[in-house]
Amino acid sequence: MIPRDPMSPPVRRLEIGWKPHMRDARGEDLAHKIRTFLGLQVACVRTRDVYHIEAPLSDEEARRVLHEFVDPVSQRGALGRLEDEAFEVAVTVAYRPGVTDPVGRSALVAVEDTLGRRLGDGAAVYSSTLYLFTGLDATKAERVARELLANPLIHTVRIEPYEAWRHAEPDLSVPRVRLRAEPRVEAVELPDDDAALVELSRRRLLALSLEELRAIRSHFLEAGKDPRRRELGLGSHPTDVELECLAQTWSEHCKHKIFNATITYREPGRAPDTIRSLFRTYIQGATREVERRLRERGEPSWLVSVFHDNAGVVAFDERVHLVYKVETHNSPSALDPYGGAITGIVGVNRDPFGTGLGADLLVNVWGYCFASPFYEGALPRGLLHPRRVREGVHRGVADGGNQSGIPYGRGWELFDGRFLGKPLVFCGTVGALPVEVAGRPGHLKAARPGDRIVMVGGRIGADGIHGATFSSAALDESAPVQVVQIGDPITQKKMFDFLLEARALGLYNAITDNGAGGLSSSVGEMARDPGGARIDLARAPLKYAGLAPWEILLSESQERMTLAVPPGNVEAFLELARRREVEATVLGEFTDSGYFHVLYGERTVAYLPLAFLHEGLPEMKLEAHWQPPVFEEPQGPPPEDLSQVLLAMLGRLNLCSNEAQARHYDHEVKGLTIIKPWVGVEQDVPAEATVFLARHGSWRGFVLSEGVHPFYSDLDTAAAARAAVDEAVRRQLCAGARFDRIALLDNFCWPDPVPSASNPDGAYKLAQLVRACRGLHEAAVAYEAPLVSGKDSMKNDSLMGGTKISVPPTLLVSALGQMEDVRRAVTLDFKRAGDVIFLLGATREELGGSEYYRYLGERAGLAQPLGGVQPYVGRRVPDVRFEETRPLYRALARAHGEGLLRSAATPVRGGLALALARSAMAGALGAAVDLEACAHLETPRDDAALFSESCGRFVVTTAPEDAERFARLFEGLACCRMGEVRASGRLVVRRGARTLLDVEVAAMKRAFKATLRDV
């Protein structure tokens, strides 16, 4: 803590806890985790909330605030300290100086509302949590704090045994940021020596290559001759503001250098192939090919805005377009799971909100890749236990979504030991963009010369500095504390509500978010339309004094948007902001000068040509070398009791229920949810896809689904990409989406594909990336499902503790579909005894990368090596035969259109057995199935018939009277009538005379729910 300034306002301490006879749910939950996760036998945990109010309050005002904060029925409070309860150790957890304190920020608003007056610029409220332990000594309490409660990057911890606590005065210190001297701007000399240049980049966390540093040095040597630059007091060396701005703009995170590189791709037996930009060739190329096909057929394009705004926009109805974006927040979530995740979700909320002239936010999605929460091995120094990572990530995204009033629509988890070094945290948001805004097309925006640059929302602090460059490098122990951000959804919600009013009034010409790179990114990007910008950083509202100009420019402090406001609208805009209690500040204006001109007061601190800022990045040239990997098939006979195998599979981390965590997320708010994330009789089985209304008053809806197969990447990333698209599309069709209105988003999370001394297999990883892009292109074109948005994260490696751990190459494909009438949506649960069960699609012996092989490896006692693949990978990876799947999918869409489907599920991870199990569990009904009748079952192995993960398949049911009509739609296609739904409560699967499965549905449900019930 920083010593108090005697001139600072006095500090009042409020302590609030539960009355002794009341349950403390937070304390009970922590006690359960202490016993379950740490094996410590704590007797009791009680918790209290503590607020330090730094403001000139009278005694009477302090009592009024306390009275307002305390629930008189269940709580008690005190100014200072509450009366003692019986305990042995007290642990206080608080935020470090400078770290965003969302609870404290909201509490300050509550104090001012209670008193009916503003407390002034120097006022602040700081929150902390007090834990009172019974049954633990100080040493064990310190372990609880270290492993469950606090992150040393963002928290301070105080541990006090009862006797010391009882005799000490209440702590009145606050986490004050140490003020710096007057901010300085320095010219940074770029040395001629290459090694010194590289060291400069490393020391300043610039994440720039030697070639990029040389280009910057050459530019400034030439720019130093420009008389305009000399008149502004600048020379032939960049200022720290200019250098940091360039590093941010040119970061892998922002410029996607690898996806835009020229790549020479080589594989055995073929001539080298030169690819000029994976993005333009395969991602944009797929969408252009789909649009070309539409034009050839004379069909209008339903794509509104793709690849150039914050999110993809597709046409929906006469009133709104749909907007969708999915982002990752991997590196921050590795350092601080809660802060990284909440920032991820509130950050991706700003992408649709900053698309066009601003979209209304409808629904969030999330997906996570973790190491096992039951991991018991040694952790490399600096890594958090995956159980703690999982807990923090779930809590962060849930808090961010719930407090923003946005429901969740999709949620999933995958587990593998290679996510120990860095989790993958996917967050996405769908929005509704008005077709017309204040008489203008809602999807069009552009700043104009003379428009004022206005920043709205939160203030700027040191949090989030170097976030973009940090995310563009491998995670190691040099990661600085200031890259951590913590989102405040309450502040952001107020800002959004205000901006929706400003949108309706037509008060601005353009809007974007202050994401990676802060003002550097938002203003620098918006300046491209008018041709320049002039901004004064001294005007920027700060959380505390002393930030250097380059920090103000690059800070990624959350809850901020940048707008272009015409001069004539500025006063109305600022007045509306004042009425809605949202901070809005004019920082400068857009120009047509061709320069990004940054001042700090009267002094110019950066003068960068937009052409060099955005187009001066040297093209990256890379080599990719593909060599097909070879893995052995599992040895020995398959298990004899496949019923027990099914129960074991249902309990596996990648197949079991994660309902215990998912229920913390609200999926009902806004009243637009039609098919919920959990379906069935007891609504406890995850839906194949979810269905939402885009607005009240219309039955037209949209469908959300996804596909992701990182384990197939061990064999072939091209097949993994095709399977991911196929899974996302199949899930859409299961719900009843139109086959001709499915848009896709791609999110690549890759281990570093650039060769270096510390990354000798980079060329192979790059070849995996090339193949994944080709597979994605092939599938998107085959299904005419255009790619409309995406993101790539290319440095998902950890070097913590000297141990390198890289994630498996992971491509998430998210799908946004449409349906004319949501009342006709279909779910996976069996509906009625007597319904006929059909299997659509061919089942082949494709077990490579399957969950079944992973199960066999663990059953054999083979451990996954740290950073390595699972023991049993196999050889035949599931792949898609588009000439078979396309006509099958069209037939299924016709069957839905004719109202023939009672239920629809898709065998994916775990294969046919798991699809049947999910449908049976959801419907609380059994089934009798005979695979002997399935002509397209192309494997003699019974275990492969049940657990192969072949693509292109569905398990559907129809009413008995509709079965023949349904079958006629699939003449000549892979369609098998394989059984019927039974009221028996058992799932029985035969293959002629052999019984493969005979399992109680209730037993399956118990196995499905047990694994993560208490985790």
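Refer to the preceding data block for the structure.
Quick look at the structure, then. (Residues numbered from 1 in each chain as written. Predicted model: local features only at pLDDT ≥ 70, side-chain atom pairs only at ≥ 80, totals over all residues. Heavy atoms only, no water.)

1. Thoughts on the overall build of the protein
Reasoning step 1: The helix and strand tally for the protein stands at 30 helices and 43 strands.
Reasoning step 2: Radius of gyration (C-alpha) of the protein: 29 Å, near the 31 Å computed for a compact globule of 1015 residues.
Reasoning step 3: Referenced to the eigenvectors of the C-alpha coordinate spread, the extents of the protein come out at roughly 90 × 70 × 60 Å.
Reasoning step 4: Taking all 1015 residues of the protein together, 64% fall into the buried category.
Reasoning step 5: Of the contacts made within the protein by residues no fewer than 6 positions apart, 82% connect residues no fewer than 24 positions apart.
Reasoning step 6: Distance between charge centres in the protein, computed from 123 positive and 135 negative side chains, equals 1 Å. (Helix = DSSP H or I, 4+ residues; strand = E, 2+ residues; numbered from the N terminus. Rg over C-alpha atoms; globule rule 2.2 N^0.38 Å. Buried < 20%, exposed > 50% of the residue type's maximum accessible area, 1.4 Å probe, protein only. Contact = heavy atoms within 4.5 Å. Lys, Arg positive; Asp, Glu negative; His and termini not counted. Charge placed at Lys NZ, Arg CZ, Asp CG, Glu CD.)

2. A short note on unusual backbone geometry
Reasoning step 1: In this structure, H256 is a non-glycine residue whose phi angle is positive, near 55°.
Reasoning step 2: Positionally, H256 belongs in the loop between α10 (252-255) and β7 (262-266).
Reasoning step 3: At F307, a position not held by glycine, the phi torsion is positive, near 70°.
Reasoning step 4: Positionally, F307 belongs in the loop between β9 (303-305) and β10 (312-315).
Reasoning step 5: On the basis of relative accessibility, which here comes to 25%, the residue F307 falls in the partly exposed class.

3. As for the sheet that holds strand β18 (residues 510-513)
Reasoning step 1: The seven strands are arranged β18-β20-β17-β21-β19-β22-β23 in an open sheet whose pairing can be described as mixed. At either margin of the open sheet sits one strand with a lone partner, and together these are β18 and β23 (603-609). Sheet twist, expressed as the average angle between the axes of neighbouring strands with direction ignored, equals 25°.
Reasoning step 2: Note that strand β17 (residues 452-457) and strand β21 (residues 584-590) share five bridges and pair antiparallel. The residue of β21 that forms the bridge with I453 is G588. (Pairing = 2+ DSSP bridges. Axes fitted to C-alpha atoms, helices over the stretch in contact; angles between N-to-C directions.)

4. Remarks on the state of the cysteines
Reasoning step 1: In this structure the tally under the stated criterion is one disulfide.
Reasoning step 2: The side chain of C934 participates in a disulfide bridge whose partner is C976; the two sulfur atoms lie 2.3 Å from each other. What sets the handedness of the C934 and C976 disulfide is the S-S torsion sign, and at about -65° it is left-handed. One end of the pair, C934, is in the loop between β38 (926-930) and β39 (937-938); the other, C976, is in strand β41 (residues 975-982), with 42 residues separating them in the sequence.
Reasoning step 3: Under the relative-accessibility criterion, C934 is labelled buried at 8%.
Reasoning step 4: Distance from the sulfur of C734, which forms no disulfide, to the nearest cysteine sulfur (C951) is 14 Å.
Reasoning step 5: C734 sits in the buried class, given a relative accessible area of 1%. (Disulfide = S-S within 2.5 Å.)

5. Digging into the sheet that holds β7
Neighbouring strands of a sheet are bound in pairs by backbone hydrogen bonds; such pairs are parallel or else antiparallel.
Reasoning step 1: Strands sit in the order β8-β7-β24 across an open sheet of three strands; the sheet is mixed. Here the strands that pair on one side only, and so sit at the sheet edges, are β8 (273-276) and β24 (621-625). Going from strand to strand, the sheet's axes swing by 20° on average, the running direction of each strand aside.
Reasoning step 2: With respect to the sheet, helix α11 (residues 278-296) is in contact with β7 and β8, its orientation differing from that of β8 by roughly 80°.
Reasoning step 3: Against the sheet, helix α24 (residues 762-782) makes contact with β7, β8 and β24, and its axis sits at roughly 85° relative to β24, the strand it touches most.

6. Details of the packing of helix α21 (residues 642-650) against helix α25 (residues 851-859)
Reasoning step 1: Running from N to C, α21 and α25 point in directions that differ by 100°, and their axes come no closer than 11 Å. Looking at the two axes, α21 sits roughly perpendicular to α25. Residues V645, A648 and M649 of α21 touch α25, and the partners they reach there are E851, Y852 and Y855.
Reasoning step 2: Each residue belonging to the contact of α21 with α25 can be placed in one class, and the counts come to five nonpolar, no polar and one charged. (Parallel < 35°, antiparallel > 145°, perpendicular 65-115°, else oblique. Nonpolar A, V, L, I, M, F, W, Y, C, P; charged D, E, K, R; others polar.)

7. Describing the packing of aromatic side chains
The description of two aromatic rings rests on the distance between their centres and on the angle between their planes.
Reasoning step 1: Taken as a whole and judged by the stated rule, the model has 30 aromatic pairs.
Reasoning step 2: Considering the side-chain rings of F87 and Y162, the 5.0 Å spacing of their centres and the 85° angle between planes classify their relative orientation as edge-to-face. Of this pair, F87 sits in the loop between β3 (75-79) and β4 (89-95) while Y162 sits in helix α5 (residues 162-167), placing them 75 residues apart in sequence.
Reasoning step 3: Here the aromatic rings of F87 and W165 are separated by 6.1 Å at their centres, their planes lie at 80°, and the arrangement is edge-to-face. Taken together, the residues span a long stretch of sequence, with F87 in the loop between β3 and β4 and W165 in helix α5 at a distance of 78 residues. An identical accessibility class is assigned to F87 and W165; each is buried. (Phe/Tyr/Trp six-rings, centres within 6.5 Å; stacked < 30°, edge-to-face > 60°.)

8. Looking at the nonpolar core
Reasoning step 1: By size, the foremost hydrophobic cluster in this structure holds 98 residues, and its most contacted members are L646, F702, L931, F947, M978 and M1004.
Reasoning step 2: No other element matches the nine residues that helix α27 (residues 911-923) contributes to this core.
Reasoning step 3: With sequence-adjacent residues up to four places away left out, F947 is seen in contact with L642, V645, L646, M649, L847, Y852, G910, G911, A913 and L914.
Reasoning step 4: By size, the runner-up hydrophobic cluster in this structure holds 74 residues, among which are A261, L622, V781 and V836. (Core = buried A, V, L, I, M, F, W, Y, C linked by side-chain atoms within 4.5 Å.)

9. Points about helix α23 (residues 717-735)
Reasoning step 1: With 19 residues, α23 should cover 27 Å at 1.5 Å per step; its first-to-last C-alpha distance of 27 Å lies within 8% of that length.
Reasoning step 2: Between a side-chain oxygen at the N-terminus of α23 and the backbone nitrogen of A718 the separation is 3.1 Å; the capping residue is D716.
Reasoning step 3: Residue G736 follows α23 closely and has a positive phi angle near 110°. (Expected span 1.5 Å × (residues − 1). Polar contact = N/O pair within 3.5 Å; in protein donor to acceptor, adjacent residues only side chain to side chain.)

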